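# Summary of the model geometry
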Amino acid sequence: MTDDAPELRASDADRERVAEVLRDALAEGRLDMTEFEERLDATYSARTYGELAPITRDLPVGGGVVTPRVSMTKEPAADGDWAGRVTGGEGSSSWAVAVMSGFQRKGRWTVPKRFNSFAFWGGGEIDLRDAYFADREVVINCVAIMGGVDVIVPPGVEVLVRGVGVMGDFDHRESGVPGEAGAPRVIVTGFAFWGGVGVRRKLTRAEKLRAREERRQEKLDRRAGRGEVRSSTREELADAHHSMIEGHREMVRGLRDERREERELRREERDRRKRGED
């Protein structure tokens, strides 16, 4: 976050970048839910860079300890988040084997153009939710013999499943779901014999937190709406009560006037009688 011009107005994109740092900190256990909510409220209510700067000053970003900077020059937005995740080059891992054991590929790793996996009396997990991609089209080849391999893809990625199961199962449920613009295509091939290859689509941890946060905000909005209804009802009841009291007061005043008139009439009658007797 820049300290050069703290009075400059922050944009929605600036606030969202800070919110993303807070979500990562919550997921890593650096903030509890109360601190996260307090800082998130401060983030979305901030109007200037100077107000945003202290919110993440004590939090590491991207493995370091430097507070994220807000760019002073706004560049055209890339094609969603996917443009930065298709990196080109080589993958960080090109194969995995599990023989009466297991393997995992997850987190921020780079998927090569072709990744080969083999599971025999064992299991493996290939998680692409936080991965980068060496190409816009990658092939995940899975061979499972009396074992299993799970391929987990994030929403937005197009998946084509071309594997075959013999006395086993090759999951085709996610095949053919259209992808987002700029997202990579993942082709899952291979062979399952007395085993299985599963292909599942799951949200990332940040997206789960964001969805939970949206649900929480919706609940708060509904509560606020109910509060407004209750407030309106209370006001209506108060007005009705006030009208009832005013009506009662008017009735009392009317009765008092009637009694006063009766007393005056009786007094006049007594006066007339006295004058007649005299």
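This write-up is about the structure you can find in this document. (Residues numbered from 1 in each chain as written. Predicted model: local features only at pLDDT ≥ 70, side-chain atom pairs only at ≥ 80, totals over all residues. Heavy atoms only, no water.)

## Here we look at a nonpolar patch on the surface
Together, Trp95, Val97, Val99, Met100 and Trp121 make up an exposed nonpolar region whose accessible area comes to about 570 Å². Residue position: Val99 is located in strand β1 (residues 95-99). Exposure remark for Val99: the relative accessible area of 42% places this residue in the partly exposed category. (Patch = residues over 30% accessible without salt bridge, like charges linked within 9 Å, V, L, I, M, F, W, Y side chains within 5 Å. Areas by Shrake-Rupley, 256 points an atom, 1.4 Å probe, with all protein chains shown as cover. Salt bridge = Lys/Arg side-chain N within 4 Å of Asp/Glu carboxyl O. Helix = DSSP H or I, 4+ residues; strand = E, 2+ residues; numbered from the N terminus. Buried < 20%, exposed > 50% of the residue type's maximum accessible area, 1.4 Å probe, protein only.)

## Regarding the pairing of strand β5 (residues 123-127)
Counting buried positions along β5 yields 4 of 5 residues, so the element is predominantly enclosed. Across 4 bridges, the pairing between strand β2 (residues 102-105) and β5 is parallel. The partner of Arg105 across the bridge, within β5, is Ile126. As paired strands, β5 and strand β8 (residues 148-153) are joined by 5 bridges and run parallel to one another. Residue pairing across strands places Glu125 opposite Asp150, the latter belonging to β8. (Pairing = 2+ DSSP bridges.)

## A few points about the pattern of salt bridges
The tally for this structure, following the rule as stated, stands at 8 salt bridges. Here Arg39 makes a salt bridge to Asp58, at a shortest N to O gap of 2.9 Å. Here Arg39 is found in helix α2 (residues 33-45), whereas its partner Asp58 is found in the loop between α3 (49-52) and β1, with 19 residues between them in sequence. Note that Arg200 is salt-bridged to Asp150, the shortest N-O span being 3.7 Å.

## Description of the packing of helix α1 (residues 12-27) against α2
Between two packed helices, what matters for the description is the angle formed by their axes and the separation of those axes. Axis separation between α1 and α2 bottoms out at 10 Å; the angle between their running directions is 175°. As the angle between them shows, α1 and α2 are arranged roughly antiparallel. Listed contacts from α2 to Arg15, Glu16, Val18, Ala19, Leu22, Arg23 and Leu26 of α1 are Met33, Phe36, Arg39, Leu40, Thr43 and Tyr44. Here the residues of the contact of α1 with α2 sort into 8 nonpolar, 1 polar and 4 charged. (Axes fitted to C-alpha atoms, helices over the stretch in contact; angles between N-to-C directions. Parallel < 35°, antiparallel > 145°, perpendicular 65-115°, else oblique. Contact = heavy atoms within 4.5 Å. Nonpolar A, V, L, I, M, F, W, Y, C, P; charged D, E, K, R; others polar.)

## Some words on unusual backbone geometry
Positive phi values are uncommon outside glycine, yet Met100 reaches one of about 50°. Looking at the secondary structure, you find Met100 in the loop between β1 and β2. Note on Met100: relative accessible area 58%, which makes it exposed. The residue Met167 is not glycine, and still its phi comes out positive at about 50°. The topology assignment puts Met167 in the loop between β10 (164-166) and β11 (169-170).

## Here's the deal with the packing of aromatic side chains
Within this structure, the stated rule accounts for 3 aromatic pairs. Ring geometry for Phe120 against Trp121: centres 5.7 Å apart, planes inclined by 0°, an arrangement best described as stacked. Ring centres 5.6 Å apart and planes at 0° place the aromatic pair Phe193 and Trp194 in the stacked group. You can call Phe193 partly exposed: its relative accessible area is 27%. Under the relative-accessibility criterion, Trp194 is labelled partly exposed at 49%. (Phe/Tyr/Trp six-rings, centres within 6.5 Å; stacked < 30°, edge-to-face > 60°.)

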